[in-house]
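Per-entry structural report
One letter stands for each residue in the lines below.
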Amino acid sequence: MFGLLEAKDLILLALGALVGYLLSLIATKQTEKKKDLVLEVLGRHIVAESTDTCPFLITDLAGMKLDNVYYFVVRVWNRGREAVRGDEISRTAPLSIEVSEDANVIGEPQIMKPHPEMEFSITSLHQNKFSISFDCLNHDEWVEVGFYMTGNPRATISGAGRVFGQHSEFDVTTDDSRTGWLERLSYLLVVLMIVSSPFALPWALWWAYTEYTISDLLFNTDKLPKFLMTLFCLGIIVPTITAYYFSSLWFKRKNNPKGYPIREDFEPTQRESLRAFYLTALRGKRYEVSASVHDYGEIKTRSIENNKSDLP
């Protein structure tokens, strides 16, 4: 395709792309929300888990026995152009963070602020609900809040409250089981690359066999079509990675007694992983391999409504 384009055509294409990018930036700035305070779930981490075979107990400061402890991190972030002052929060509908009833918050929330002089406080309304207040959050300022919890590691975290002058909800991004379009597109490209690889190499070999000589393939590769070289690369890279992976497994098994289970035996199969990539691209639902001792190696979603794997 590039061989059909002249230098001036490429320059015009580049200038058109640059102008389009600048226009999109201007449109984004014009439509950017003046006030946009949001609550985001950033991550969930395992602190400690116990089973019946563990020679220890997990207890809280009051001495109550716990089966597990997880750490959830959320962020209060002002994405808007204007500052949000504390007196712009409704008194009848203050900003709050709530965890669903299938989990219990233990201890005090951990607060991390970018500026020590920033006033930010969080008050417990009951076991799983907290009210937050601050003096002011300027443009692009944020505060991270961490919660130690026990119970369901996929519990729902939600926010509520009214900010005067803001049209969007406070908890627009608390569903961390969903993926964005860019992430979905990347998963789709990976699936397409893996699926098309077995067909790309035979196609490239037949093309090279019928239209080119050995001399062209070895000494005149710069004259080969770029699409042919792309087919070669696509057809070789996936089988190479696959061969390396399974050969490493073979050597690892040789270093252990016959039939001895290794870590990879508890991980999802290649078919299950590929299906998880495809479903993520199709549904926009994030799948992940569980690191919990209770369901280690199983493909799960973070959604509380569907916390069991729907993979075969």
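Refer to the structure above for everything that follows.
For clarity, every value in this text was computed on a predicted model and none was experimentally measured. (Residues numbered from 1 in each chain as written. Predicted model: local features only at pLDDT ≥ 70, side-chain atom pairs only at ≥ 80, totals over all residues. Heavy atoms only, no water.)

**Quick notes on the overall build of the protein**
A count of helices and strands for the protein gives five helices and 14 strands. Split into buried and exposed, the 312 residues of the protein put 32% on the buried side. Considering only contacts in the protein between residues 6 or more positions apart, those separated by 24 or more positions represent 73%. Accessible surface for the protein amounts to roughly 20,200 Å². Of this, 61% is attributable to carbon and sulfur atoms. (Helix = DSSP H or I, 4+ residues; strand = E, 2+ residues; numbered from the N terminus. Buried < 20%, exposed > 50% of the residue type's maximum accessible area, 1.4 Å probe, protein only. Contact = heavy atoms within 4.5 Å. Areas by Shrake-Rupley, 256 points an atom, 1.4 Å probe, with all protein chains shown as cover.)

**Remarks on the sheet that holds strand β11 (residues 142-151)**
Read from one edge of the open sheet, four strands run β1-β4-β11-β7, paired in antiparallel fashion. Both edges of this open sheet fall to β1 (37-49) and β7 (103-112), since each of them pairs with a single strand only. Within the sheet, the average angular offset between the axes of one strand and its neighbour, ignoring direction, is 20 degrees. Sheet topology note: the strand β4 (residues 68-78)/β11 ladder contains eight bridges and is antiparallel. Looking at β11, one finds that Tyr70 is bridged to Met149. (Pairing = 2+ DSSP bridges. Axes fitted to C-alpha atoms, helices over the stretch in contact; angles between N-to-C directions.)

**Looking at the pattern of salt bridges**
The tally for this structure, following the rule as stated, stands at seven salt bridges. With a shortest N-O distance of 2.6 Å, Glu40 and Arg75 are connected by a salt bridge. Here Arg75 lies in strand β4 and Glu40 lies in strand β1, a separation of 35 residues in the sequence. One continuous salt-bridge network, built from bridges that share partners, spans Lys35, Arg85, Asp87 and Glu88. (Salt bridge = Lys/Arg side-chain N within 4 Å of Asp/Glu carboxyl O.)

**Structural notes on the pairing of β11**
Bridge analysis of β7 against β11 gives seven bridges, and the strand direction is antiparallel. By the bridge assignment for β11, Ala103 is matched with Gly151.

**Looking at unusual backbone geometry**
At Asp140, a position not held by glycine, the phi torsion is positive, near 70 degrees. Note on placement: Asp140 falls in the loop between β10 (136-137) and β11.

**Quick notes on the packing of helix α2 (residues 181-211) against helix α5 (residues 270-283)**
In contact at an axis separation of 8 Å, α2 and α5 are set at 135 degrees when each is read in the N-to-C sense. Taken together, the axis directions place α2 and α5 in an arrangement best described as oblique. By crossing handedness, the relation of α2 to α5 is classed as left-handed. Contact residues: Arg184, Tyr187, Leu188, Val190, Val191 and Ile194 in α2; Leu274, Phe277, Tyr278, Thr280, Ala281, Leu282 and Arg283 in α5. For the contact of α2 with α5, the per-class residue count stands at ten nonpolar, one polar and two charged. (Parallel < 35°, antiparallel > 145°, perpendicular 65-115°, else oblique. Left-handed = near helix turned anticlockwise from the far one by under 90°. Nonpolar A, V, L, I, M, F, W, Y, C, P; charged D, E, K, R; others polar.)

**Notes on the layout of surface pockets**
It is a probe the size of a water molecule, rolled over the atoms, that shows where empty space is left. If you add up the space inside the largest pocket, you get close to 590 Å³. In terms of lining residues, the largest pocket is bounded by 20 residues, among which Ile194, Gln270, Ser273, Leu274 and Phe277 are the most central. Listed by contribution, the elements that provide at least two residues to the lining of the largest pocket are α2, α4 (226-254), α5 and β13 (287-289). The residue makeup of the lining of the largest pocket, split by class, is 15 nonpolar, four polar and one charged. Here the second largest pocket defines a volume of roughly 330 Å³. (1 Å grid on protein atoms, 1.4 Å probe; cavity = no way out; pocket = protein on both sides within 12 Å on 5 of 7 lines; lining within 4 Å. Points joined across faces, edges and corners; volume = space filled by probe spheres on them.)

**Brief notes about the pairing of strand β6 (residues 96-99)**
Here three bridges tie β6 to strand β9 (residues 129-134), and the two strands are oriented antiparallel to one another. Considered in β9, the bridge of Glu98 is made with Lys129. Note that β6 and strand β12 (residues 157-160) share four bridges and pair antiparallel. When the bridges of β12 are listed, Ile97 appears paired with Gly159.

**Thoughts on the environment of Pro202**
Within the secondary structure, Pro202 sits in helix α2. Relative accessible area serves as the criterion here: at 45%, Pro202 is assigned to the partly exposed category. In this structure, the C-alpha to C-alpha distance between Pro202 and Leu231, residues 29 residues apart in sequence, is 9.1 Å.

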